Amino acid sequence: MTETPDLVRADGRTPDALRDVVIERGWSAHAEGSALISFGNTKVLCTASFTNGVPRWMTGKGKGWVTAEYAMLPRSTNTRNDRESVKGRIGGRTHEISRLIGRSLRAVVDMKSLGENTIQIDCDVLQADGGTRTAAITGAYVALADAIEWARGRKFIAQKATPLIDTVSAVSVGIIDGTPMLDLAYVEDVRAETDMNVVATGRGLFVEVQGTAEGAPFDRRELDQLLDLALAGTAELASIQRAALESQPGGAAAGEAGAGAAG
């Protein structure tokens, strides 16, 4: 695999650059926490709904629960897809991504500090151009953090409790024409010889790594290069998340990361 850091991609980025990342915190007027996140032309609305109480199977254990659901709007892609509710069943990909988002968030939540409270995250893809699951995880963290602070302000969570023990974000990486690239847009994703989604905490610890050789198998050196590239990306995303949470709700925090995805 050759390294060509000066290579310019279709949307004007270098291989190690994120797309333009924008987080619009407090986008929903009704949810306890919300964020509209854009990874280039991929846009996902993440909302966090707080409930004082837990599922029956958790009652009395002194722990909270965080779970997630993911869905794509019918015209979030080039052609219209039927709503899964109309089809009468939830697809395997939707189940997989919903579980991934939930696992990723629970990895950075101290359930005892959360108390017997439930936070339901909904991630709805408004527009897809690759990386919908990674954008969903990154935006969901911001919505979750705001929902926790909403609950703290209403004394559902103790003032000194620290339910969030770290940040979490996710990014895609892949090998295209022999070059490792960060944060793949759709036109790159469909051509990738190796495609990988990486979920990591702000401290640089891995939560999940999903990697597949779409063409030729990849070796350990290539794997290490992709993981290093992903960790650099998630570190940048963590900074954008922090900036969003420090801004006023309704504002936007953006990354200085590229020219945005085309198409």
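Residues numbered from 1 in each chain as written. Predicted model: local features only at pLDDT ≥ 70, side-chain atom pairs only at ≥ 80, totals over all residues. Heavy atoms only, no water.

J.: Describe in detail the overall build of the protein, supporting the description with residues and values.
T.: Counting secondary structure elements, the protein contains 6 helices and 10 strands. Its C-alpha radius of gyration of 18 Å places the protein within 12% of the 18 Å reference for a compact globule of 263 residues. Its C-alpha atoms give the protein principal-axis dimensions of about 55 × 40 × 35 Å. Residue burial in the protein is summarised as follows: out of 263 residues, 49% are buried. A separation of at least 24 residues holds for 70% of the contacts in the protein among residues at least 6 apart in sequence. Averaged over its 28 positive side-chain charges, the protein has a centre that lies 10 Å from the centre of its 34 negative ones. (Helix = DSSP H or I, 4+ residues; strand = E, 2+ residues; numbered from the N terminus. Rg over C-alpha atoms; globule rule 2.2 N^0.38 Å. Buried < 20%, exposed > 50% of the residue type's maximum accessible area, 1.4 Å probe, protein only. Contact = heavy atoms within 4.5 Å. Lys, Arg positive; Asp, Glu negative; His and termini not counted. Charge placed at Lys NZ, Arg CZ, Asp CG, Glu CD.)

J.: Go over the nonpolar core with me, naming the residues and quoting the values.
T.: The biggest cluster of nonpolar side chains holds 55 residues, and the ones touching the most others in it are Val66, Ile101, Leu105, Ile119, Ile121 and Cys123. With 11 residues, the top contributor of residues to this core is helix H4 (residues 132-153). The contact partners of leucine 105, leaving out residues within four places of it in the chain, are Val66, Ile121, Ile137, Ala140, Tyr141, Leu144 and Val168. (Core = buried A, V, L, I, M, F, W, Y, C linked by side-chain atoms within 4.5 Å.)

J.: Talk me through the side chain of aspartate 146; I want residue IDs and the actual numbers.
T.: Checked against the element boundaries, aspartate 146 lands in helix H4. Residues within four places of aspartate 146 in sequence aside, it is in contact with Arg25, Glu32, Gly33, Ser34 and Leu245.

J.: Residue-level account of the sheet that holds strand E6 (residues 168-176), with values.
T.: If you trace the 4 strands from one edge of the open sheet to the other, you get E7-E6-E8-E9, paired in antiparallel fashion. Among the strands making up the open sheet, the edge pair consists of strand E7 (179-182) and strand E9 (206-213). Adjacent strand axes in the sheet meet at a mean angle of 15°, parallel and antiparallel pairs treated alike. The pairing of E6 with strand E8 (residues 194-201) spans 8 bridges and is antiparallel. From the neighbouring strand, valine 168 faces E8, where its bridge partner is threonine 201. Where helix H2 (residues 92-106) meets the sheet, it contacts E6, E8 and E9, and its direction lies at approximately 145° from that of E9. Taken strand by strand, helix H6 (residues 220-246) contacts E6, E7, E8 and E9, and its axis lies near 145° from that of E6. (Pairing = 2+ DSSP bridges. Axes fitted to C-alpha atoms, helices over the stretch in contact; angles between N-to-C directions.)

J.: Give me the lowdown on the pairing of strand E2 (residues 33-39), citing residues and values where you can.
T.: Among the 7 residues of E2, 7 are classified as buried, and the element is accordingly described as predominantly covered. Burial along E2 is two-sided: Gly33, Ala35, Ile37 and Phe39 facing one way and Ser34, Leu36 and Ser38 facing the other are all buried. Relative to E2, strand E1 (residues 21-25) is paired through 5 bridges, and the arrangement is antiparallel. Bridging across to E2, arginine 25 finds its partner in alanine 35. Note: E2 against strand E3 (residues 42-52), 7 bridges, orientation antiparallel. Bridged to glycine 33 within E3 is alanine 48. Two successive antiparallel strands, E2 and E3, enclose a turn made up of 2 residues, where glycine 40 displays a positive phi of approximately 60°.

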